[in-house]
Structure formats: structure tokens, C-alpha cells
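Descriptive analysis of the structure
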Amino acid sequence: MAVSSSSSRKKLLLMGRSGSGKSSMRSIIFSNYSAFDTRRLGATMDVEHSNLRFLNNMTLNLWDCGGQDVFIENFLNTSTNQPNSNNNIFKKCEVLIHVFDVESKEVTKDIEIFQRVLKNLNQFSPQCKVFILLHKMDLIQISKRNELFQIMFTKLQEIATPFNFNITGFATSIWDESLYKAWSSIVCSLIPNISVYEKQLLSFNNVLNAKEIILFEKTTFLVISSTNNSLKNSSDSSNDLDPKRFEKISNIIKTYKQSVNKVRTNFTSLILNGLTSSIYLDVLNDNMYIMIIMDHQDNINDDNLVLENVKIFSKLFQ
Amino acid sequence: MQSASDLINKDNKATILLMGLRRCGKSSICKVVFHNMQPLDTLYLESTSKPTKEEFKSLIDLAVMELPGQLNFFEPSNFYDSEKLFSSIGALVYVIDSQDEYLNALTNVSMIVEYAYRINPKIHIEVLIHKIDGLSEDFRMDTQRDIMQRVGDELLDLGLEGVQVSFYLTSIFDHSIYEAFSRIIQKLIFELPALENLLDLLIQYNKFEKIFLFDINSKIYVATDSSPVDIQTYEVCAEFIDVTIDLDGLYETGAEKLLLEDKNNKPIKCISKLKNGTILYLHQMIRGLALVALVRIDNGDTSNLSQKEIDDNVKTQLSIIDHNVCVFKKSLEKMWESSRIK
Ligand SMILES: Nc1nc2c(ncn2[C@@H]2O[C@H](COP(=O)(O)OP(=O)(O)OP(=O)(O)O)[C@@H](O)[C@H]2O)c(=O)[nH]1
Ligand SMILES: Nc1nc2c(ncn2[C@@H]2O[C@H](COP(=O)(O)OP(=O)(O)O)[C@@H](O)[C@H]2O)c(=O)[nH]1
Ligand SMILES: [Mg+2]
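Residues numbered from 1 in each chain as written. Chains lettered and ligands numbered in written order. Predicted model: local features only at pLDDT ≥ 70, side-chain atom pairs only at ≥ 80, totals over all residues. Heavy atoms only, no water.

Further remarks concern the site of ligand 1. All names here are of chain A. With respect to spatial proximity, 21 residues lie near ligand 1, and among them Ser 18, Lys 22, Ser 24, Gly 67 and Asp 138 are the closest. Between ligand 1 and the protein, one listed contact pairs an oxygen atom with a backbone N or O atom of Ser 20 at 3.3 Å. Backbone polar atom of Gly 21 to an oxygen atom of ligand 1: 3.0 Å apart, as the coordinates give it. Starting from 670 Å² of accessible surface for ligand 1 in isolation, the protein chains cover 87%. The leading source of residues in the shell around ligand 1 is helix α1 (residues 22-31), at 3 residues. Here the residues of the shell around ligand 1 sort into 4 nonpolar, 12 polar and 5 charged. (Near = heavy atom within 4 Å. Polar contact = N/O pair within 3.5 Å; in protein donor to acceptor, adjacent residues only side chain to side chain. Areas by Shrake-Rupley, 256 points an atom, 1.4 Å probe, with all protein chains shown as cover. Helix = DSSP H or I, 4+ residues; strand = E, 2+ residues; numbered from the N terminus. Nonpolar A, V, L, I, M, F, W, Y, C, P; charged D, E, K, R; others polar.)

Moving on: the coordination of the magnesium ion (ligand 3). A:Ser23 (OG) and A:Thr44 (OG1) make up the full set of protein donors to the magnesium ion (ligand 3), lying at 1.9 to 2.0 Å. Here the residue A:Ser23 occupies a position in helix α1, and A:Thr44 occupies one in the loop between α1 and β2 (47-54), the gap between them amounting to 21 residues. (Donors = N, O, S within 2.8 Å, 3.2 Å for Na, K, Ca; no water.)

With that out of the way, let us pick up the pairing of strand β8 (residues 223-228) of chain A. Residues and elements named next belong to chain A. Counting buried positions over the 6 residues of β8 gives 5, a clear majority of the element. Pairing of strand β7 (residues 212-217) with β8, which is carried by 5 bridges, proceeds in the antiparallel orientation. Looking at β8, one finds that Phe 216 is bridged to Val 223. (Buried < 20%, exposed > 50% of the residue type's maximum accessible area, 1.4 Å probe, protein only. Pairing = 2+ DSSP bridges.)

To continue, consider helix α5 (residues 176-186) of chain B. For α5(B), a buried count of 10 out of 11 residues is recorded, marking the element as mostly surrounded by other parts of the structure. Taken residue by residue, α5(B) has B:Ser176, B:Ile177, B:Tyr178, B:Glu179, B:Ala180, B:Phe181, B:Ser182, B:Ile184, B:Ile185 and B:Gln186 as its buried positions.

Attention shifts here to the domain arrangement of chain B. How big an interface is tends to be stated in terms of the accessible area lost upon association of its parts. Residue and element names in this part refer to chain B. Under the domain assignment, chain B is made up of domain 1 (4-186) and domain 2 (192-337). At the interface, 15 residues of domain 1 touch 19 residues of domain 2. Of the roughly 1600 Å² buried where domain 1 meets domain 2, counting both sides, 56% is carbon and sulfur surface. Linking domain 1 to domain 2 there are 5 residue pairs in polar contact (both at pLDDT 80 or more). Those elements that provide at least two residues to the side of domain 1 that touches domain 2 are α1 (26-35) and α5. A total of 7 residues in the side of domain 1 that touches domain 2 trace back to one element, the largest contributor, which is α5. Each residue belonging to the side of domain 1 that touches domain 2 can be placed in one class, and the counts come to 6 nonpolar, 5 polar and 4 charged. (Domains from an automatic or database assignment. Contact = heavy atoms within 4.5 Å. Buried area = accessible area lost by both parts, 1.4 Å probe.)

Okay, here's the thing in C-alpha cells:
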């Protein structure tokens, strides 16, 4: 039942105008920065690459493209004038993440650049998945966020349709957990056999009978998969769990990781015996953490039993 | 409007009086330490124009009173009230804005100290050299030396040689303000020596490296063992409380439950293993307190032990710790029942 693993390198383009927040989100998700740390970032020159080994054999190859006009013009011109050159960044892209600053003063220009980027992608990477992030949402009044998102998203969808792209959009900010939701769904879109994980979790939970089980990627703490018991018997009251809990957990655990960094170490596991439930976080294998939430009342309350089960289960995931 | 006399302590609470010139940061300190306000949000606080008093329940019941900077205590109409006021407080905390011209503040603090000391010689006098985030590392020490020197001179001129004044460098943008308040509040806890003894005993019988007894809500520690406090360790332990509360909160319906105490409930516990062989350990106590400790697990020579044997060893050590911490909790309950300040 091993998860099949096609070795592969996935190219992700991260684009958007200068100052829109690209390098900030990259540093938070992939380099363990805190939101506060991003103030030190300078403008990106040309392209900065980061490589991240992700799950078994996948390598995420993230291209953070400097957003100052000179760089953007350069990317677009190269692709027109020397389409076969290696400098044409639009070749072989799996994903485009285009970031828009919600407080931008030049929305027309932002949209025009988005349009030109799509035109190139349509030519060189027509299968590319397109995500748009309406970023720095924290700067907008809470009551206006939804409307603003809808207006912008509809507009961008209109732009993308002629190039045969179906876009996915998220409202994000580095100051809350929204960033994790967006990036979780971006990387999940790249995992070929994601349904296998779900099936394995389901069968594991037939043994364990946990309230919820969640799988996280080990360095980024992005959620890969999850299973929830109350979905099966939907009359269950635990359906009123916080819908944002996954990205909140990513955020909490990432912050915890930064915290123990201060004493120059990392954590390996965590067991929390709470008021009505127990939470177990442990290494599953080289690439993943697993989190298990058990209700106190319907389970024998033995921490070690749960951890033994995790060990057995992890063998299936090697 | 509340008058100063309404604020005077009639019961037995330990009261902290916060004073300082306008905009020196008094309200910000209160909001950040006791109300979990984000430091940046204090930019929008309005200037305080009347005395305010807030009460907190922790190991001891605590009241923090803020007097607006412009109030003049030496005007005759206020004189009587302030005499009563000063005789009822445990600590006078005077805040000096280190980013501002502070000479006026120094004259002000000396006058207040003289007045307070004559009325209530048992009062603890604490001076916060505040907003040090704006000063470079070198300049902080210079500023502290300068302020301590000048205050000392002024008090000498006023004929107050024997007065003990403690100085703290603080900022709401890091943990220094929590550290200062921890120390200030500890001086008001009558049972502190007994508590510290108990914690030292815990250290002696277990492999604890450091133990804090935290107030969960404010992240002030009301006691710690007698080994020196390393600020990083403090931060990690304080932040571990947040991890515990935040995670637990996601799966409990009703958020504030961690602070609810019910003898029938099992205490909340959280244990996290770290890569360097230590363990972060949290165990809920009484009255909104939690014991948070850094534990060093000692495996001795592990070379001929299997992973299972090592795991079992850790398990045994942890259950001994659990047991001892439960005994500590019982002593805490007893101590609290016979406590003087309630
Ligand atoms: N308020 C707010 N500020 C943000 C957010 N994300 C990023 N910023 C800030 O925006 C500034 C610019 O961010 P960068 O990530 O360097 O921008 P960039 O898109 O990489 O810019 P170029 O490299 O020039 O293309 C930084 O000071 C960040 O702290 C957000 O969600 N909210
Ligand atoms: N840089 C810095 N500013 C601070 C600090 N503490 C408070 N302030 C700022 O000082 C200003 C005045 O604070 P406030 O609490 O209203 O002063 P009060 O009049 O003494 O109550 C506010 O703008 C705060 O944001 C600090 O530690 N560092
Ligand atoms: Mg950049």
C-alpha cells in the first residue's frame, strides 16, 4: 500500500508587482521567518530560486521574480524576442502564483501585467495552474474584505478566460493564518496521488477512532490531508469545529518551531491532554508530521497506545 | 467620575500604583501585560485623564492603579486622599520614558518617593526605564547609569539615604516588561520564600533545568526556582503556554475553558520532546497558574539500550515528575487556603 512516488521537479512562478509581498510569503512558508522578520527584506533582483524537497520525491522549485518594472519588462521581452532561450522563465511552469497588493494605487497596471504574463504562459506552459492571491488583506476593514475579493476575483477571472486558464483565488495576509490555507491548496494541487493519503488516513482511523487526523508536510507545516470522524456520521455535533482550524494549526506549530529555535533546537513531538480532548503530534516519516485528536469520553485514555499505533501506521507510509 | 478616594484599597489586595509623566507608557504597559494587547496597537491609546484601577486574580489578588501624569498630588485638595492612598499600596512603579528628555521625570520621581516613603516606609519603590527598544545596546547601559546616579543624588539631597529603589530596563516590544513585572509582583507575595523552596525541592528530586510558576493570562511568573533566569528560556516557556492554549482552544467548544477550574476536571497537561534531549512540560495548577518547566531527561549510557528501553525510561521519569508535580500542586492549594492576602 506504499504511496507511489514519481520523482519530479515542479517549477512554481511567483509573480506580481514590487512590494506586493512575494518574498515575504516565500520566507514565511519556506524559510521559517516570522511575519515581523519580513520588514528586513529588500527588493528582489531578477529571480531568486528556492528549492524545497517536498514529500517523497518531489522538489518544489520556486522562482521568486523581482517585481520592479525593469525586471518584469525584461521577463516579458525575453520571452517574446528569444522564446527558445533558457532565460525564458515561462517555459515548463507547473504553477503560477500571482500576487496582488490590495492597497495598490495602480490596479490597471497590475492587471495589464497579469494579462501579459498569462499570454506568455498560454504560449509556453498552457497546462500551468494559476493561483491569484489578493494580499495584505489585513489592511482592509473586515466588513469590506469579502466584497473587495469578489470584485477583484471576477475581474481577474474575465482576464484569464481568453487564455484558457481557470484561476483559483485566495485573500491572504502574512499577519494571520490565511497564508497557510492558500499555500496548502497550492502545493496539494501538485501532489499526484493525494487521494491515496486520504484513503490511508481513513483506514487508519477505522482502527483508532479519532475525532480528527491531519497530515502535515514537515518543513512548511502545510496540511496535506485530513480525515474527520464527524463527516461519517454527520449528525455529530463536532461539525461546529472552527473551519479555519487547519491553517491555524499550521500557524501555531510554525510559531512554536520558531520559539524553540531560540534555545537552538527543534521539537519532535507534542502531547496535549486538554479538557475534553487529547492532541498528539508526532513525526510520521521523513517528510510528514501527523496530528491526532482524540475525544476523552469515547476512548481509553492511553497516550502510549496512540503513539504505538502511529508507529505501526508510519510503516505504511515509508 | 471616580475620585482618588474611591480607589483606595479597603480590602487586603496587593496594590501596585503606576505613575509617571504623560505619554511615558503607563496605559500601554497595563494593556500589553494584563489585556494581551498587541504592542503596536498601543499607538492608538488615548491619553489617560483620570485615575483607573483594575483588578486581577492570580495566586494573589492584585490591583493595578494608574494615575494620570498631570495629576498633582501636592495640591492641598488632593493631599488627604493621597496620604491614604500611599499608605495602602504595596509597590510604587514609576515609569520614565527613556526616549524623551527625562530630567523632569527624575525630579518628579524623587518628590513622589520622598512623599511615599514618609507615609509608608514599607512600600517597594520600582523605577522602569521604559521604551528602551529605541536605544542602542550601549546607550541603554549609559542611560541606566545616568538615571540611577541622578535619582540617587536627588534622594540624598532630600535626606533619604536608606531608601531601596530598584531599576528595570523595559519595553513593551519584548519580554523585558514581563520580566520586570514578574519581579515586582513577586515582592508582594508573602509566601514567596516558601514557594521558592518548594520549587527548589522539585528541581532537586527531578531532572528539571528550570521551573516557572506562570500566571497563564499575563505570562508573568509569580515564582521560579533559585537558579538564574535566562531570558530565552523564559520566552520559550511563556510561548509554550500559548501553544497549549491555542491548540486546545481549537478543539474545545467555548474558548476560556482552560482558565476554568473544577476539582473534577483533570488538569491540562502538555509535554513536548525537543531534539536536544530536553522536554517542555506544562501542568495546570490552581488559580489560573501553570507550572512550566524545562526537563532534562537523563538516559545515562544508552549505547546498549534498545529504542523501546529508552522510551520506557523516559516514560518512567515523566510519571515520577507528574507525581511530584501533583504533590507540589497540593502544597500550593494548602498554602493558598492559609494565605494572608486573598
Ligand atoms: N500589512 C502587510 N504588509 C505586508 C504583507 N506581506 C508583506 N508585507 C510587507 O510588504 C513589504 C514588501 O514585501 P516583499 O515581500 O519584499 O515584496 P516583493 O513582492 O517581494 O517585492 P519585489 O521583490 O520588489 O518584487 C514588506 O515590508 C512586508 O513586510 C501583508 O500581508 N500585510
Ligand atoms: N517605542 C516604544 N513606545 C512605547 C512603549 N510603551 C509605550 N509606548 C508608546 O508611548 C505612547 C504613550 O503611551 P501611553 O500608554 O498612552 O502613555 P500614558 O500616558 O503614560 O498612559 C504610545 O504611543 C505607546 O505606543 C515602548 O516600550 N517602546
Ligand atoms: Mg521580493
